[in-house]
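Residue-level listing of the chains:
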Amino acid sequence: MRSAAAVALAILVASAPAPAQDKKKPDAAGVSFAKDVAPILKASCSKCHDAKNKKGSLDMTSYDTLKKGGKGGAAFTAGDPDKSAIVTAISGDKPDMPKKADPLKKDQVDLIAKWIKEGAKNN
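Residues numbered from 1 in each chain as written. Predicted model: local features only at pLDDT ≥ 70, side-chain atom pairs only at ≥ 80, totals over all residues. Heavy atoms only, no water.

1. Some remarks on unusual backbone geometry
Then, number 1: With an omega of -10 degrees, the peptide bond running from Met97 to Pro98 counts as cis.
Then, number 2: Following the sequence through the fold, Pro98 ends up in the loop between α4 (85-90) and α5 (106-117).
Then, number 3: Despite not being glycine, Lys54 shows a phi value in the positive range, around 45 degrees.
Then, number 4: Residue position: Lys54 is located in the loop between α2 (33-44) and α3 (63-68).
Then, number 5: At Ala120, a residue that is not glycine, the phi angle is positive and equals roughly 50 degrees. (Helix = DSSP H or I, 4+ residues; strand = E, 2+ residues; numbered from the N terminus.)

And the structure:
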């Protein structure tokens, strides 16, 4: 026969809520251009790469203009961050871009690279 304490413990364990999901897990939908990538580009790149300035003929203010690229060609190669000019320009110990601002943080670079690896969708 079970003791009252054992029965009470079994009831508590069975009725306990499930553990909270890890909030650091990536969203099942993946990285969003609109929610994740565009805000980084707006904050770090749009002073020189907007519709008015277009340094290197590159406008980074929308998905379509980013996809179009500039003088150096396409800004990204969907599915391949290593062959994407934007990732190359913002990566490394001394990144080429942004020229007149602080470099992007590693997690920002990683997020942009992940978005490209996931297919660089306009989502």
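2. Section: the pattern of salt bridges
Then, number 1: Under the counting rule described, the total for this entry stands at two salt bridges.
Then, number 2: For Asp110, the salt bridge identified is with Lys106, shortest N-O distance 2.8 Å. In this pair, Asp110 and Lys106 are both assigned in helix α5, four residues apart and thus about one turn of the helix distant.
Then, number 3: Salt-bridge contacts for Lys114 lead to Glu118; the nearest nitrogen and oxygen are separated by 3.9 Å.
Then, number 4: Given a relative accessible area of 33%, Lys114 falls into the partly exposed group. (Salt bridge = Lys/Arg side-chain N within 4 Å of Asp/Glu carboxyl O. Buried < 20%, exposed > 50% of the residue type's maximum accessible area, 1.4 Å probe, protein only.)

3. Observations concerning the confidence of the model for the protein
Then, number 1: Summarising the model, the protein shows a mean pLDDT of 84, and 77% of its residues fall at 70 or more.
Then, number 2: The weakest mean pLDDT in the protein belongs to helix α1 (residues 4-15) at 41; the strongest belongs to α5 at 98.
Then, number 3: Predicted confidence is poor over residues 4-26, with pLDDT under 50, and the contacts of this stretch with residues over four places away or in other chains come to two contacts. (pLDDT = per-residue confidence, 0-100. Contact = heavy atoms within 4.5 Å.)

4. A word on the layout of surface pockets
Then, number 1: The space that makes up the largest pocket amounts to roughly 700 Å³.
Then, number 2: Lining the largest pocket are 29 residues, and of these His49, Leu58, Met60, Met97 and Pro98 sit closest to its centre.
Then, number 3: By residue number, the principal contributor to the lining of the largest pocket is α4, which donates four residues.
Then, number 4: Taken together, the residues that form the lining of the largest pocket break down as 15 nonpolar, seven polar and seven charged. (1 Å grid on protein atoms, 1.4 Å probe; cavity = no way out; pocket = protein on both sides within 12 Å on 5 of 7 lines; lining within 4 Å. Points joined across faces, edges and corners; volume = space filled by probe spheres on them. Nonpolar A, V, L, I, M, F, W, Y, C, P; charged D, E, K, R; others polar.)

5. Side note on the side chain of Ser84
Then, number 1: Tracing the sequence through the fold places Ser84 in the loop between α3 and α4.
Then, number 2: Within the local environment of Ser84, its side chain forms a polar contact with the backbone oxygen of Asp80, the two atoms lying 2.9 Å apart.
Then, number 3: Discounting residues that sit within four places of it in the chain, Ser84 has contacts with Ala75, Phe76, Thr77 and Ile116. (Polar contact = N/O pair within 3.5 Å; in protein donor to acceptor, adjacent residues only side chain to side chain.)

6. Some points on empty space enclosed by the protein
Then, number 1: Under the counting rule described, the total for this entry stands at one cavity of 30 Å³ or more.
Then, number 2: Considering only enclosed or pocket space, the largest cavity measures out at about 30 Å³ in volume.
Then, number 3: Taken together, Ala29, Val31, Trp115, Glu118, Ala120, Lys121 and Asn123 make up the full set of residues lining the largest cavity.
Then, number 4: Per-class residue counts for the lining of the largest cavity are four nonpolar, one polar and two charged.

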